[in-house]
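# Summary of the model geometry
Below are the chains, spelled out letter by letter.
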Amino acid sequence: MRRRDHNIFANATSLLICGLLAGVVVAAAAFPAAAMSGLAAKAGGETFANLPSELKDFSSPQITRIYASDNKTQISQFYDEFRSDVPLKEISKYMRDAIVAAEDRNFYHHNGVDLKGVARAFVNNNSGKSQQGASTLTMQWVRMSLAYSATNPQEVVDATKDTPKRKITEMKYAVQVEKELSKDQILERYLNIAPFGNQAYGVFAASQVYFNKKPKDLTIAQAGMLAGMVKAPTSFNPTTKEGYDQILQRRNNYVIPGMVQMGAITQAEADKAVKEPLPRTVKPVGNGCVSVAKNAWGFFCDYFYRWWMGREEFGETAYDRERRLKSGGYRITTTLDIKAQTAARDNISEKIKDTNKNALLIAAVEPGDGKVRVLAANRKYKLDDPAHPQNKISSDPRKAKQGIRGTYPNTTNPLLSGGGDITGYQAGSVFKMFTMVAALEKGYPLGYTINAPKQYRSGYIIEPGSPSACKGTHFWCPGNAGEGEAGVYNMWTGFGNSVNTYFVPLEERVGAENVVAVAKRFGVQFRVKDDADLAAPGSAEQWGAFTLGVSASTPLDMANAYATLAGDGMYCEPTPIEQITSQTGEKLDVGKSHCIRATSKDVARAALDAARCPVGDSAQLGQCHGTTAGQTHGQVGHPVFGKTGTTDHDKTAALIAGTTTLVVAGYLVNPDYQDHSDRMSHQIVNPAVWETLGDFMEGKPKVQFKTPGNEKIAYGDQRSIPDVTCDPISSALDRLEGAGFDASVGGEVDSSCPAGTAADTNPSGRTIKGGVVVIEKSNGKSAQQPTEPQQPGLPTLPTVKPTKPRR
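Numbering of residues starts from 1 in every chain and runs along the sequence as written. The predicted origin of the model limits local features to residues at a pLDDT of at least 70 and limits the giving and counting of side-chain atom pairs to 80 or more, whereas totals for whole chains, interfaces and linings rest on all residues. Neither water nor hydrogens contribute to the side-chain values; these are computed over all heavy atoms in the structure.

## Overview of the overall build of the chain
So the rule is basically this: Strands are runs of DSSP state E lasting at least 2 residues, helices are runs of H or I lasting at least 4, and numbering of each runs from the N terminus. Using a 1.4 Å probe on the protein chains alone, a residue whose accessible area is under 20% of its type maximum counts as buried, one over 50% counts as exposed, and one in between counts as partly exposed. Here, residues are in contact when the closest pair of their heavy atoms is within 4.5 Å.
Within the chain, the regular secondary structure consists of 27 helices and 25 strands. Put simply, the chain has 807 residues, and 55% of those count as buried. Taking all contacts inside the chain whose residues are at least 6 apart in sequence as the whole, residues at least 24 apart take part in 72%.

Set out below in structure tokens:
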């Protein structure tokens, strides 16, 4: 890589003289007493010849920058040393000249070692005057290169410690470097590696920190100050009183006059430059997620950071991964949608204050690729200042007694994505989706009916005497949110009305272990040890309450789980990455969407059809008859699916809503103390979710969900129900059971049939083979019963009364 002509004789002479003088002159320059020792002679003879002359390849630490999905908006930056290399053409000529004037005025006239300078230093240092060095710019660059290419601490010490051997080493390397690189190349490398104090390494960082401008825009005065600082960045720090005076003197009396002497500037330009004041303050240099450009982006930045630290591709240890992030100089385009994130944060702020102990958490994921688009909360992403705390005392009584503060309004905990001490939150009935998927996988169609009682005696064994146990037994007896929910349900109506006593027996028939297996395939993490133990193979068979959402999860977990339905059954590992590009322009294949099949297309499409019911949309294959968040469809204005969830005593409230394009999950929780007495309101979480989804979908085309290729997954094997109108009850039971149905007797209804006979059945017409058929008993009072029109071409399915719109 020779970029300029070299005089072979001059180079050879330089090497010879360096070898001869190395022991005496260099040692004297650095350590006068050493010049009289035998060490000097030995170093000058054998050591110089035996030293290597090829520098190891190295890369100085560079800033890694993180961008939003638009690839323009910078979210944050990570660095060990605030440095970003720039080509020489993007550095002001004043800066190039100033550094030569300050550090090596013979730069363009030597071949790496300034022999006159070495001799001058030798004479000066042995005359009792102040010590002088003899390092050229090239030798200084060699010294920094050796330090950055070191592979162990001792090599760093050897590269920086003032010893005769170090000087000799630098001289030999410098001569070789000058053979291979042009002066401009050396100057560019030097300016990009030199330290300038106040966390600024390299001229780009220095320009930003001290003058908030690009290096190409530096003035004479600014370049003079920066060049003057390199010799001793701490001593010449203009932000300190002593440093200000020293760097002012060095700039005005040494660097700028040197530029005039070199012919780089005129005296008039110099006179004007020395009048320019120096900066007394520096631009704060943000580093990491606590320094995001906008605070609302902090939780997403934290999710990215934790994702990076968990990837073995970036190093075997956490230390290696962090070093690579903070020194690799990557340009990382993330999946954060700035517009959607802003809308989510605004919607949250309208519903609940940052100082509220309860947290409204919203996560959004793109179906089909797992790209995380939104992570927002009513919290400031920042560390609470212990000296001037803003956080309130913890709502956890045990912590409050110890004076421990809570996480509101300030926290850096991963509230939305989990990790560290954040294991998640119980989200209630949103978990019923996993039971529905498991049932469909086992061959139960959407039209599968169960006669759901007010309270169901399950076969799941719990502690005797538990409030959830059937009286006098050890069997779990769950009930519904309202007594009016008893009746015949299928998956459309059972999911739409969130009927516990439909889903618990369905879970029994499917097998709780199979329901848990679906949740695992859909990405539920089981971060709580007790949950993980119950979810372990061989342990889940008795976890009956799982379908009611007693396992901890995060909004991100569940947004991505529901996105698996919208993604045609493909589970995509959630990712914050669009593209990672190295500083050389190489695009890394890390963080791209990684998807595996979690369930079949038909199962996903069928489950999604039933999941349209809770949020007020219409199923394409069946009928809904009931919602729990019915306003969602109208607010979003697109085909939509989802589910609400509430835990015992309303300790948490959740809503998940999605389209073909985005799935949004919202949780209202108390992160500090989940056994609290507050009642979480769906009037807070539901609007925040549907408004966030609606804002994202505004202006986008309406896309209908796909239906299963085999409609048998919806209706099963249909059979005609015998007409038992006005039959005696016993006869009606015999006929229905003889036809293969699970027949039972329900309540009385108005009918023209004789009292005590069968008035009708629910359902009537046709239903699934072996399905539930309830006989409605006549009270003998004639009445014309209104009927809801059936969708054309669909089998008759059981109907239920709508219930209160919340669960």
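On we go.
## Side note on the packing of aromatic side chains
The geometry of an aromatic ring pair is captured by two quantities: the separation of the ring centres and the angle between the planes. Spelled out, the test is: The rule is short: rings of Phe, Tyr and Trp, with Trp giving its six-membered ring, pair when the centres are within 6.5 Å, and they are stacked under 30 degrees, edge-to-face over 60, tilted in between. In our convention, an over-ring charge means Lys NZ or Arg CZ found within 6 Å of a ring centre and within 35 degrees of that ring's normal.
Considering all chains together, one arrives at 25 aromatic pairs under this definition. Here F431 and F434 contribute two aromatic rings whose centre-to-centre distance is 5.2 Å and whose plane-to-plane angle is 90 degrees, an arrangement assigned as edge-to-face. Since its relative accessible area comes to 0%, F431 is described here as buried. The interplanar angle of 75 degrees and the centroid separation of 5.3 Å between the aromatic rings of F431 and F546 together place this pair among those described as edge-to-face. One end of the pair, F431, is in the loop between strand 10 (425-426) and helix 17 (432-441); the other, F546, is in the loop between helix 21 (529-535) and strand 13 (552-553), with 115 residues separating them in the sequence. Above the plane of the ring of F107 lies K183, whose end atom (NZ or CZ) is 4.4 Å from the centre. Above the face of the Y244 ring, R280 is positioned so that its terminal group lies 3.7 Å from the ring centre.

## Examining the sheet that holds strand 5 (residues 331-334)
Quick note on the threshold: Should DSSP find at least two bridges between two strands, the strands are taken to pair. Interaxial angle, 0 to 180 degrees, is taken between N-to-C directions of lines fitted to C-alpha atoms, where a helix line uses only the stretch in contact.
Taken together, the 5 strands give an open sheet; going across it, the order is 2-1-5-15-16, and neighbouring strands pair in mixed fashion. Taken across any chain shown, the strands that pair with only one partner, and hence form the sheet edges, are strand 2 (74-78) and strand 16 (587-588). By the bridge criterion, 4 bridges tie strand 5 to strand 15 (residues 577-581) in an arrangement that is antiparallel. Of the residues in strand 15, the one forming a bridge with T334 is I577. Its contacts with the sheet put helix 13 (residues 298-309) on strand 1 (64-67), strand 2, strand 5 and strand 15, and the angle it makes with strand 2 is roughly 45 degrees.

## Topic: helix 5 (residues 137-148)
Definition in use: Every helix has an expected span of 1.5 Å times one less than the residues it contains.
Given a rise of 1.5 Å per residue, 12 residues ought to cover 16 Å, and the 16 Å separating the end C-alpha atoms of helix 5 matches this to within 8%. Those residues of helix 5 that sit buried are L137, T138, M139, Q140, W141, V142, M144, S145 and L146.

## Looking at the side chain of T628
Here is the rule we go by: Polar contacts, as counted here, are pairs of nitrogen or oxygen atoms within 3.5 Å of one another; within protein the pair requires one atom able to donate a hydrogen and one able to accept it, and residues that are adjacent in sequence qualify only if both atoms are side-chain atoms.
Counting through the fold element by element, T628 comes out in the loop between helix 23 (601-610) and helix 24 (631-636). The exposure class of T628 is buried, given its relative accessible area of 0%. Reaching out from T628, the side chain makes a polar contact with the side chain of T644 at a distance of 2.7 Å.

## What about the nonpolar core?
Keep this limit in mind: Here, nonpolar core means buried Ala, Val, Leu, Ile, Met, Phe, Trp, Tyr and Cys residues that are tied together by side-chain atoms lying within 4.5 Å of each other.
Ranked by internal contacts, the top residues of the largest apolar core, which has 102 residues, are W308, F434, L446, Y502 and M558. The dominant element in this core, judged by the number of residues it contributes, is helix 13, at 8 residues. Those residues in contact with M558, other than ones at most four positions away along the chain, are V430, F431, F434, V524, S553, I656 and Y667. By size, the runner-up hydrophobic cluster in this structure holds 61 residues, among which are I99, F211, L226 and I256.

## With respect to the pairing of strand 5
In summary, the side chains of a regular strand alternate between the two faces of the sheet. With 3 bridges connecting them, strand 1 and strand 5 associate as parallel partners. Bridged to I66 within strand 5 is I332.

## Section: the state of the cysteines
Two cysteines form a disulfide when their sulfur atoms are joined by a covalent bond. Where we set the bar: Criterion for a disulfide: a pair of cysteine sulfur atoms at a distance within 2.5 Å.
All told, the structure shown has 5 disulfides when counted by the stated rule. What pairs with C572 in a disulfide is C595, and their sulfur atoms sit 2.1 Å apart. Here the disulfide of C572 and C595 is right-handed, its torsion about the S-S bond being about 105 degrees. In this pair, C572 sits in strand 14 (residues 570-572) while C595 sits in strand 17 (residues 595-597), placing the two residues 23 residues apart along the sequence. The disulfide that involves C726 links it to C753, with 2.0 Å between the sulfurs.

## Looking at the pairing of strand 15
The buried count for strand 15 comes to 4 of 5 residues, which makes it a mostly enclosed element. Across 2 bridges, strand 15 lies against strand 16 in antiparallel orientation. Within the sheet, the bridge partner assigned to I580 lies in strand 16 and is L588. Remark: 5 residues form the turn of the hairpin made by strand 15 and strand 16, two consecutive strands paired antiparallel; G585 in that turn has positive phi of roughly 95 degrees.

## What to know about the packing of helix 17 against helix 20 (residues 512-521)
Stated precisely, the cut-off is as follows: Should an angle lie under 35 degrees it is considered roughly parallel, over 145 roughly antiparallel, and from 65 to 115 roughly perpendicular; all remaining angles are considered oblique. Polar here means any residue outside two lists: the nonpolar Ala, Val, Leu, Ile, Met, Phe, Trp, Tyr, Cys and Pro, and the charged Asp, Glu, Lys and Arg; Gly therefore counts as polar.
The N-to-C vectors of helix 17 and helix 20 enclose an angle of 110 degrees; their axes lie 8 Å apart at closest approach. When the axes of helix 17 and helix 20 are compared, the pair comes out roughly perpendicular. In this structure, helix 17 contributes F434, T435, V437, A438 and E441 to the contact, and helix 20 contributes N514, V515, V518, A519 and R521. Residues that form the contact of helix 17 with helix 20 fall into these classes: 6 nonpolar, 2 polar and 2 charged.

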